[in-house]
Amino acid sequence: MDYLRRLQMERPVLYWVALLVGFWLAFQLVLWVAGLLLGPFGLPAWAPIAVVLAVLVVIARRQNSR
């Protein structure tokens, strides 16, 4: 974590680019897993996105209520 703090202070553009790429890759991986799990049910292509967003909203609401 100290490395990330130092990177944020010394090279903020590189830090934010790396953070955005990391979030994008994580979201793509979660979408792939959701598509893999929901694929056999014959749902439309937008269903994994809807499921992932719904789960993220539920997590955010549970954290907000604490």
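What counts and what doesn't
- Residues numbered from 1 in each chain as written.
- Predicted model: local features only at pLDDT ≥ 70, side-chain atom pairs only at ≥ 80, totals over all residues.
- Heavy atoms only, no water.
- Axes fitted to C-alpha atoms, helices over the stretch in contact; angles between N-to-C directions.
- Helix = DSSP H or I, 4+ residues; strand = E, 2+ residues; numbered from the N terminus.
- Parallel < 35°, antiparallel > 145°, perpendicular 65-115°, else oblique.
- Contact = heavy atoms within 4.5 Å.
- Nonpolar A, V, L, I, M, F, W, Y, C, P; charged D, E, K, R; others polar.
- Patch = residues over 30% accessible without salt bridge, like charges linked within 9 Å, V, L, I, M, F, W, Y side chains within 5 Å.
- Areas by Shrake-Rupley, 256 points an atom, 1.4 Å probe, with all protein chains shown as cover.
- Salt bridge = Lys/Arg side-chain N within 4 Å of Asp/Glu carboxyl O.
- Buried < 20%, exposed > 50% of the residue type's maximum accessible area, 1.4 Å probe, protein only.
- Expected span 1.5 Å × (residues − 1).
- Arc of directions from axis to C-beta.

Undergrad: Even after reading the chapter, I still don't get the packing of helix α1 (residues 2-10) against helix α2 (residues 12-38), so can you show me in this structure?
TA: Packed helices, taken two at a time, are described by their axes: the angle between them and the distance between them. Interaxial distance between α1 and α2 falls to 5 Å at its minimum, and their mutual angle equals 125°. Between α1 and α2, the crossing angle belongs to the class labelled oblique. For the pair formed by α1 and α2, the contact residues are L4, L7, Q8, M9 and E10 on the first element and P12, L14, Y15 and W16 on the second. Partitioning the contact of α1 with α2 into residue classes produces 7 nonpolar, 1 polar and 1 charged.

Undergrad: Explanation requested: a nonpolar patch on the surface in the structure shown.
TA: A contiguous nonpolar patch, built from I49, V51, L53, V55, L56 and I59 and spanning about 470 Å² of accessible area, is present on the exposed surface. By the element assignment, L53 lies in helix α3 (residues 47-65). Owing to a relative accessible area of 42%, L53 belongs among the partly exposed residues under this scheme.

Undergrad: How should α3 be read in this particular structure?
TA: Structural remark: α-helix, 3.6 residues per turn; residues separated by three or four positions point the same way. If you check α3, its first and last C-alpha atoms are 27 Å apart, about what 19 residues at 1.5 Å a residue would give, namely 27 Å. By the burial criterion, the buried members of α3 are A47, P48 and V52. Seen end-on, α3 carries its buried residues on one side only, within an arc spanning 135°. Along α3, the residues that are exposed and aim more than 90 degrees away from the buried face are R61, N64 and S65.

Undergrad: I keep staring at α2 and nothing clicks. Help me out?
TA: Between its first and last C-alpha, α2 extends 39 Å over 27 residues, near the 39 Å set by a 1.5 Å rise per residue. For α2, the set of buried residues is Y15, L31, A34 and L38. Along its buried surface, α2 packs onto α1 and α3.

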